[in-house]
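Commentary on secondary and tertiary structure
Chain by chain, the residues:
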Amino acid sequence: MNLQSGTYYWPTTFPDAPSYPALEEDLSCDVLIIGGGSSGAQCAYYLADANANLEVAVIEKSTIGSGSTSTNTALLQYSGEKMFTDLINTFGADYIRRHLELLKEAINEMEEASKKVSIDCEFNRRDTLYSASCPEDVEKLRKEYEFLKQHNCDLTFLTKEEIETNYPFSRDAAIYSYNDAEINPFRFNHALLEYAASKGIRIYENTEMNGHHYDEERGRMIVSTKNGRSILARYIIFAAGYEGLEIKKEKKASFVSTYTVTTNPVDNLSEWYNRTLIWETARPYLFMRTTRDNRIIIGGLDDNTPYPEDRDSKLIHKKDKLIEEFNKMFPTIKVQPEYYLAAFYGGIADGIPIIGQYEEYPNSYFLFAFGDNGTVYSQLLSKIIVKEIVEGNCPDLPLYLQDRPLLNKS
């Protein structure tokens, strides 16, 4: 699957990242994680701390973090593209209240993980400015604010005048959320796997799955690799990101194309109030964040094309447009694009990520953490899957299954 193209900033921040051998012998384990990106690493992290005497292995077809992790902008927020007030119409208030709790918990656990591992993940707490892109969006933004306030979220509703006081641009209104976060996703990916490896989890790079079947007699899944090895596993977690859809198609998932620019380091960011994460109500939306070395990541301008050639042909135009949009908001901050990329971006139709369990894949979990909060979703879903495997039951699992209960089923 042609997921992305362009130049990637995150791998340059960790040129001496750990490497792992290819699998050179047949293997038997309790849990096999397929995919060495963010989702696979987060699953490995939770399994490493499970104290369940489980033999765990991770296989990655290429190198760790070389897929969508390298294009991830890693704004860590509980709010997402679909407002919670809209999600309630589909799932109900209690359902979404619990979903919100789990999202906030996931960000807290990412912070905890970043303190536990030995590699600096560049985790920073950041506030978020979520602004109305037009006057018509102010009322729905205020309703979202009221819902979040009722559910113990730390935030403020800003007027146009208050926004203009703090920023060099104007918007009609905004939700200002405290204590969201940002992270370096590539370093986080490697940090979690290094931690897992230190706890005895086996990790293999350049080990691509090319077949799998369920052995009824042994009650095990058998995975074959391209280099002729066989892996016998009690449980499999398919954490292959978007490529998981090539193994099992999920009808709720779909793709668009998205674009990102990472600028040169900037000397003075004093006009950027609290270096907040910035995004908006428009669809497609524009978003921005800063990095540890004072670069600016600008992303968005999503395009509906599902074709890699069409996606990539628009990269230069989108790169220029992203810089132009940034200049409108921060005219005195002079930037140049140093890295820019085009990538597929997956979403789930009803706005909630999926743990797929399918009859034809016994004892298997598909982690589809698609959406604008993919890294946070991955942390949330990884914990649920690991709890289900280790304890035999996680009460939150039904909320994220592909056939989760809806209020209004079509």
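In this report, the structure presented in the accompanying data block is examined. (Residues numbered from 1 in each chain as written. Predicted model: local features only at pLDDT ≥ 70, side-chain atom pairs only at ≥ 80, totals over all residues. Heavy atoms only, no water.)

Focus: the overall build of the chain
The condition is simple: Runs of H or I in DSSP of at least four residues are treated as helices and runs of E of at least two as strands, each being numbered from the N terminus. Every radius of gyration here is taken over C-alpha atoms, with the globule rule written as 2.2 Å times N^0.38, N being the number of residues. Exposure classes here rest on a 1.4 Å probe applied to the protein chains alone. A residue is buried below 20% of its type maximum, exposed above 50%, and partly exposed in between. Surface exposure here means Shrake-Rupley accessible area, sampled with a 1.4 Å probe, where a residue is shielded only by the protein chains that are shown. Only four residue types enter the tally: Lys and Arg on the positive side, Asp and Glu on the negative side; His and the chain ends are excluded. Working definition for charges: the position is that of NZ of Lys, CZ of Arg, CG of Asp or CD of Glu.
Scanning the chain from terminus to terminus reveals 10 helices and 18 strands. Here the C-alpha atoms of the chain give a radius of gyration of 21 Å, agreeing with the 22 Å that 2.2 N^0.38 yields for 410 residues. For the C-alpha atoms alone, the extent of the chain along its principal axes is close to 70 × 45 × 40 Å. Every one of the 410 residues in the chain was classed for burial, and the buried ones make up 59%. For the chain, the computed accessible surface area is about 16,900 Å², with 45% contributed by carbon and sulfur atoms. Side-chain charges of the chain comprise 43 positive and 61 negative groups, with the mean position of each set lying 1 Å from the other.

Topic: the side chain of Arg-295
The following threshold applies: A 3.5 Å cut-off defines polar contacts: any pair of N or O atoms within that distance qualifies, except that in protein one atom must be a possible hydrogen donor and the other a possible acceptor, and neighbouring residues in sequence count only when both atoms are side-chain atoms. Any pair of residues with heavy atoms lying within 4.5 Å of one another is described as a contacting pair.
Positionally, Arg-295 belongs in the loop between strand 14 (286–290) and strand 15 (296–303). Reaching out from Arg-295, the side chain makes a polar contact with the side chain of Asp-293 at a distance of 3.0 Å. Among the polar contacts listed, one links the side chain of Arg-295 to the side chain of Glu-338, at a separation of 2.9 Å. Leave out the neighbours within four places in its chain, and Arg-295 touches Tyr-9, Thr-262, Thr-263, Asn-264, Pro-265, Arg-289, Thr-290, Glu-338 and Tyr-339.

Looking at the pattern of salt bridges
Rule in force here: Definition used for salt bridges: Asp or Glu carboxyl oxygen within 4 Å of a side-chain nitrogen of Lys or Arg.
Taken as a whole, this structure holds 32 salt bridges when the rule is applied. With a shortest N-O distance of 3.6 Å, Asp-137 and Lys-140 are connected by a salt bridge. Given the relative accessible area of 11%, Asp-137 is considered buried. According to the relative accessible area criterion, Lys-140 is partly exposed, its value standing at 39%.

Remarks on the state of the cysteines
Going by this rule: For the purposes of this analysis, a disulfide is any pair of cysteine sulfur atoms at a distance within 2.5 Å.
Counted under the stated rule, the structure contains 0 disulfides. With no disulfide of its own, Cys-29 has Cys-43 as its nearest cysteine by sulfur position, at a separation of 13 Å.

Quick look at the environment of Val-256
Note on placement: Val-256 falls in strand 12 (residues 253–263). Through-space distance from the C-alpha of Val-256 to that of Asp-303 is 5.9 Å; in sequence the pair is 47 residues apart. Apart from the residues within four sequence positions on either side, Val-256 is in contact with Asp-302, Asp-303, Asn-304, Thr-305, Ala-343, Phe-344 and Tyr-345.

Notes on unusual backbone geometry
In this structure, the amide linkage connecting Arg-283 to the following residue, Pro-284, adopts the cis form with an omega of 0°. Within the fold, Pro-284 resides in the loop between strand 13 (277–280) and strand 14. In this structure, Asn-274 is a non-glycine residue whose phi angle is positive, near 55°. Following the sequence through the fold, Asn-274 ends up in the loop between strand 12 and strand 13.

A look at the nonpolar core
What counts is decided by this rule: In these notes, a set of buried Ala, Val, Leu, Ile, Met, Phe, Trp, Tyr and Cys residues joined through side-chain atoms within 4.5 Å is what counts as a nonpolar core.
Membership of the largest hydrophobic core comes to 115 residues, with the highest contact counts inside it found for Leu-32, Ile-33, Phe-84, Ile-96, Ile-201, Ile-237 and Tyr-400. Of all the elements, helix 3 (residues 93–116) adds the most residues to this core, at 9 residues. In contact with Tyr-400, other than residues within four places in its own chain, are Tyr-95, His-99, Leu-102, Ile-352, Pro-353, Ile-354, Ile-355, Leu-380, Leu-381 and Ile-384. Leu-158, Trp-272, Met-288 and Phe-330 belong to the second largest nonpolar core, which has 27 residues in total.

Structural notes on the pairing of strand 14
Note the cut-off: At least two DSSP bridges between two strands are required for those strands to pair.
Most of strand 14 sits out of view: 5 of its 5 residues are buried. Covered by surrounding structure in strand 14 are Leu-286, Met-288 and Thr-290 together with Phe-287 and Arg-289, the residues of both alternating faces. Pairing geometry for strand 14 and strand 15, over 5 bridges, is antiparallel. For Thr-290, the partnering residue across the bridge sits in strand 15 and is Ile-296. The hairpin formed by strand 14 and strand 15 contains 5 residues between the paired strands, and Asn-294 there has a positive phi angle of roughly 70°.

Thoughts on helix 1 (residues 38–48)
Judged by how many residues are buried, helix 1 sits mostly within the fold: 11 of 11 residues are covered. Listed in full, the buried residues belonging to helix 1 are Ser-38, Ser-39, Gly-40, Ala-41, Gln-42, Cys-43, Ala-44, Tyr-45, Tyr-46, Leu-47 and Ala-48.

Here we look at the packing of aromatic side chains
Two aromatic rings are characterised by how far apart their centres lie and by the angle between their planes. Applied cut-off: When the centres of two rings from Phe, Tyr and Trp lie within 6.5 Å, Trp using its six-membered ring, the rings pair. Their planes under 30 degrees apart give stacked, over 60 give edge-to-face, and anything left gives tilted. Any Lys NZ or Arg CZ found within 6 Å of a ring centre and within 35 degrees of that ring's normal is scored as a charge over the ring.
What the rule picks out here adds up to 27 aromatic pairs. Ring centres of Tyr-9 and Tyr-339 lie 5.7 Å apart, and the angle between their planes is 55°; on these two criteria the pair is classed as tilted. Here Tyr-9 is found in the loop between strand 1 (4–6) and strand 2 (27–34), whereas its partner Tyr-339 is found in strand 16 (residues 337–348), with 330 residues between them in sequence. Side by side, Tyr-9 and Tyr-339 carry an identical accessibility label, which is buried. Members of the aromatic cluster, connected to one another through ring pairs, are Phe-238, Tyr-242, Phe-255, Phe-344, Tyr-358, Tyr-361, Phe-366, Phe-368 and Phe-370. Positioned above the aromatic ring of Tyr-358, the side-chain terminus of Lys-248 is 4.8 Å from the ring centre.

Quick word on the environment of Val-31
Along the polypeptide, Val-31 turns up in strand 2. Under the relative-accessibility criterion, Val-31 is labelled buried at 0%. C-alpha separation for the pair Val-31 and Val-58, spaced 27 residues apart in sequence, amounts to 8.6 Å. Filtering out sequence-adjacent residues up to four positions away, Val-31 remains in contact with Leu-47, Leu-54, Glu-55, Val-56, Ala-57, Tyr-235, Ile-237 and Ile-389.

Notes on helix 6 (residues 185–198)
Spelled out, the test is: Take the residue count of a helix, subtract one, and multiply by 1.5 Å to get its expected span.
Here helix 6 spans 20 Å end to end across 14 residues, near enough to the 20 Å set by a 1.5 Å rise per residue. Counted residue by residue, helix 6 has 11 buried out of 14 residues, so it is predominantly covered. What helix 6 keeps buried is the set Pro-185, Phe-186, Arg-187, Phe-188, Asn-189, His-190, Ala-191, Leu-192, Leu-193, Tyr-195 and Ala-196. Against helix 1, strand 3 (56–59), helix 3, strand 8 (202–204) and helix 10 (374–391) lie the buried residues of helix 6. Of the residues trailing helix 6, Gly-200 is marked for its positive phi of about 100°.

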